[in-house]
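# Notes for the structure review
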Amino acid sequence: MALLPILCYPDPRLHTVAKPVQAVDARIRQLVADMLETMYDAHGIGLAATQVDAHERVIVIDVSEERDRPLVLINPEIVWASPEKQVNEEGCLSVPGIYDGVERSSSVRVSALDEKGEPRTIEAEGLLAVCIQHEMDHLLGKVFVEYLSPLKRNRIKTKMLKSRRDTVRA
C-alpha cells in the first residue's frame, strides 16, 4: 500500500469528471487499498479517487468510531434521495482547515460495486448519507465550497493559495 498525494483546492484537476470503472481488477483493488491508507492517514472519513488524481468512479468511506468499517463504492449511483434536506457542517481533505454548512438530502439509497466487483445497494442516513453525497460530488468534479456564496468561495481560494505559497517558501 502507498500514501497518495491529495489534491488541494483550487487545483483544476479537482474539477475533472471521473470515468466509470470498466473492471474491478487488481489495479482497482490496489487503488482502493492506497485510498483507504491515505484517508486513514489524513484522518478523513471519505476520499474520492478524483482527490488523488485518479479520475475513476471510486470512493472509500469510514464513518465508524473505531475506524474499522471501510465502505468501498465503485461506480456509485444515487438511486433515491429523500426530499427532506438538512444542513451539516462539512470539511474536506482537499480543502484542509475549512468547514462550512452545506444542505444535502437527509438520506439516500446508492447502488454500486464493492471492492470484489459485487453489486450492492446501501441505504444511508445522517453522517454516512452526507459523506456519500460529498464524495460523489467529487466524482462529478465538484468541491463542497462550490455550494457556498461566491464571497466565501473566493476567500477560501485566496486562503488556500496563500497557504500553498507559504508552504513552498518554507
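To be clear, the structure that these remarks concern was listed above.
Residues numbered from 1 in each chain as written. Predicted model: local features only at pLDDT ≥ 70, side-chain atom pairs only at ≥ 80, totals over all residues. Heavy atoms only, no water.

Bringing the overall build of the chain into the picture now. Across its full length, the chain carries 3 helices and 7 strands. Overall, the chain shows an N-to-C arrangement of helices and strands of α-β-β-β-β-β-β-β-α-α. Taken against the 2.2 N^0.38 rule, which gives 15 Å for 170 residues, the C-alpha radius of gyration of the chain at 16 Å falls within 12% of a compact globule. Its C-alpha atoms give the chain principal-axis dimensions of roughly 45 × 40 × 30 Å. Counting the 170 residues in the chain, one finds 45% classified as buried. Surface exposure of the chain reaches about 9000 Å², of which carbon and sulfur atoms provide 53%. (Helix = DSSP H or I, 4+ residues; strand = E, 2+ residues; numbered from the N terminus. Rg over C-alpha atoms; globule rule 2.2 N^0.38 Å. Buried < 20%, exposed > 50% of the residue type's maximum accessible area, 1.4 Å probe, protein only. Areas by Shrake-Rupley, 256 points an atom, 1.4 Å probe, with all protein chains shown as cover.)

Moving on, we get to the sheet that holds strand 3 (residues 71–81). Pairing in this open sheet of 5 strands is antiparallel, and the strands run 1-2-3-6-7 from one edge to the other. Edge strands, defined here as strands with exactly one partner in the open sheet, are strand 1 (46–48) and strand 7 (119–125). Within the sheet, the average angular offset between the axes of one strand and its neighbour, ignoring direction, is 40°. Bridge count for strand 6 (residues 107–113) against strand 7 is 7 bridges, and the pairing is antiparallel. (Pairing = 2+ DSSP bridges. Axes fitted to C-alpha atoms, helices over the stretch in contact; angles between N-to-C directions.)

Take unusual backbone geometry next. Among all residues save glycine, negative phi is the norm, and among peptide bonds the norm is trans. Cis geometry marks the peptide bond from Y9 to P10, where omega comes out at 10°. Despite not being glycine, D53 shows a phi value in the positive range, around 65°. Mapped onto the elements of the fold, D53 is located in the loop between strand 1 and strand 2 (58–61). Assessed through its relative accessible area of 35%, D53 is described here as partly exposed.

Our next topic: the pairing of strand 5 (residues 95–105). Looking down a regular strand, the side chains alternate between one sheet face and the other. Sheet topology note: the strand 4 (residues 85–92)/strand 5 ladder contains 7 bridges and is antiparallel. Its bridge partner being in strand 5, V87 is matched across the sheet by E103. Connecting the antiparallel pair strand 4 and strand 5 is a turn made up of 2 residues.

Attention now moves to the side chain of D137. Take D137: it is sitting in helix 2 (residues 126–139). Not counting residues within four places of it along the chain, the set of residues in contact with D137 comprises R104, K142 and Y147. (Contact = heavy atoms within 4.5 Å.)

A separate point is the pattern of salt bridges. In the structure shown here, the tally under the stated rule is 9 salt bridges. A salt bridge links R13 to D11, with the shortest nitrogen-to-oxygen separation between them at 2.6 Å. Accessibility expressed as a relative area gives 37% for R13, which makes it partly exposed. Of the charged contacts in the structure, one is a salt bridge between K152 and D100, with a shortest N-O distance of 3.0 Å. Linking K152 in helix 3 (residues 150–169) with D100 in strand 5, this pair joins segments that are 52 residues apart in sequence. Residue K152 is classed as partly exposed on the basis of its relative accessible area of 38%. Counted as one network, the salt bridges with shared partners bring together D11, R13 and D53. (Salt bridge = Lys/Arg side-chain N within 4 Å of Asp/Glu carboxyl O.)

Turning our attention to helix 2. End to end, helix 2 covers 21 Å across 14 residues, agreeing with the expected 20 Å (1.5 Å per residue, within 8%). Taken across its 14 residues, helix 2 has 11 buried, putting it largely inside the fold. Phi for G141, located one or two positions after helix 2, is positive at around 80°. (Expected span 1.5 Å × (residues − 1).)

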